[in-house]
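Here is how the chains run, residue by residue.
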2 protein chains.
Amino acid sequence: MNIDKSLLSGSNGMLILKLLEDGDKYGYQMIEELEKRSDHTFDMKAGTLYPLLHALEEKGWITAYDAMAAGRTRRYYQLTKEGKDALREKEESWDRYAKAVRLVLKGGASFG
Amino acid sequence: MNIDKSLLSGSNGMLILKLLEDGDKYGYQMIEELEKRSDHTFDMKAGTLYPLLHALEEKGWITAYDAMAAGRTRRYYQLTKEGKDALREKEESWDRYAKAVRLVLKGGASFG
DNA sequence: CACAATATATCGACCATCTATATATTTGTC
DNA sequence: GACAAATATATAGATGGTCGATATATTGTG
């Protein structure tokens, strides 16, 4: 693929960045919101999310801070400027990819 | 994800099966047609395609036969009944997945 | 008090894909 | 006729994303 392949398998990164557009969130909350917002299609695993959050942090796309809530320390994540830019690019890549898949699935004769 | 994850990263299998719906094809031809039909978005590598074809063959979704064409022996692949069923399932999974991504990207407030 | 739900985290494994490489034939060009 | 480019198939090694399993600690419920 000549389009960002890390998105195609790794669309989870895009989805997490998207969630953070609405405001800071902690890990467990993201799993729940992703499930709700996807109409119960997505069920991201903790074993997927936390390594992903750390990877996004290393890229400088999100930053983390600890805060007390409900008598418990929670680790909140915030979208950075760079994260917003990355999100925009990933959304564009996704649109292109989804459109291309639709073209192939619509299929029939050859194009060109 | 509670939907067929092998599709999400591995949408290539679905796309190949789809191409074969139109008729038998050989490997190199599939790479070219995929590029044309996707409006030059997809550029599948030979190192991706051939292992994939062998995997699809092992699953019984396609069968292979050799034929002469242009003074050269080519290995053609044909979609089986099981392959057609698998394709239908993968298309449904793709629709669900793409719809869920759209929901998240449309985003904004929380859903129920 | 036990148990489920909440909350974060790491590890080992698997699988899809890529790059690089190998090999052979056909077509086009000088 | 020689050579390069395109055609055609194939495998090996590496990378990267995701999962299941596991660990740990707290909060709410019966």
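Scroll up to find the structure.
Residues numbered from 1 in each chain as written. Chains lettered and ligands numbered in written order. Predicted model: local features only at pLDDT ≥ 70, side-chain atom pairs only at ≥ 80, totals over all residues. Heavy atoms only, no water.

**Q** Explain the sheet that holds strand β1 (residues 25–26) of chain B to me, please; I cannot follow it from the model alone.
**A** All names here are of chain B. As summarised here, the arrangement of the three strands in space is β1-β3-β2, forming an open sheet in which the pairing is antiparallel. Each end of this open sheet is capped by a strand with a single partner; those strands are β1 and β2 (62–69). As defined by bridge partners, β1 adjoins strand β3 (residues 72–79) across two bridges and the pair is classed as antiparallel. If you follow Lys25 over to β3, its bridge partner there is Tyr77. Against the sheet, helix α2 (residues 11–21) makes contact with β1, β2 and β3, and its axis sits at roughly 100° relative to β3, the strand it touches most. (Pairing = 2+ DSSP bridges. Helix = DSSP H or I, 4+ residues; strand = E, 2+ residues; numbered from the N terminus. Contact = heavy atoms within 4.5 Å. Axes fitted to C-alpha atoms, helices over the stretch in contact; angles between N-to-C directions.)

**Q** Sorry if this is basic, but what is going on with the packing of aromatic side chains here?
**A** Here a ring pair, both rings aromatic, is described through the centre-centre distance and the interplanar angle of the planes. Under the defined criterion, the tally for this structure stands at eleven aromatic pairs over all chains. The interplanar angle of 80° and the centroid separation of 5.4 Å between the aromatic rings of Tyr26(B) and Tyr76(B) together place this pair among those described as edge-to-face. Placement of the pair is Tyr26(B) in strand β1 and Tyr76(B) in strand β3, with a sequence separation of 50 residues. Accessibility expressed as a relative area gives 17% for Tyr26(B), which makes it buried. Looking at Tyr76(B), the relative accessible area reads 14%, which means it is buried. Among the aromatic side chains, those forming a connected cluster through ring pairs are Phe42(A), Trp94(A), Tyr97(A), Phe42(B), Trp94(B) and Tyr97(B). (Phe/Tyr/Trp six-rings, centres within 6.5 Å; stacked < 30°, edge-to-face > 60°. Buried < 20%, exposed > 50% of the residue type's maximum accessible area, 1.4 Å probe, protein only.)

**Q** Help me understand helix α4 (residues 46–58) of chain B in this model?
**A** For an α-helix, the turn length of 3.6 residues means that residues three or four places apart are oriented alike. All names here are of chain B. When the terminal C-alpha atoms of α4 are compared, their 18 Å separation across 13 residues agrees well with the 18 Å that a helix rising 1.5 Å per residue should span. Each element contacted by the buried residues of α4 is listed here: α2, α3 (27–37), β2 and β3. One or two steps after α4, the chain reaches Gly60, where phi turns positive at roughly 80°. (Expected span 1.5 Å × (residues − 1).)

**Q** Would you take a moment to explain the pairing of strand β3 (residues 72–79) of chain A for this structure?
**A** Along a regular strand, successive side chains alternate from one face of the sheet to the other. As paired elements, strand β2 (residues 62–69) of chain A and β3(A) share eight bridges and run antiparallel to each other. For Ile62(A), the partnering residue across the bridge sits in β3(A) and is Leu79(A).

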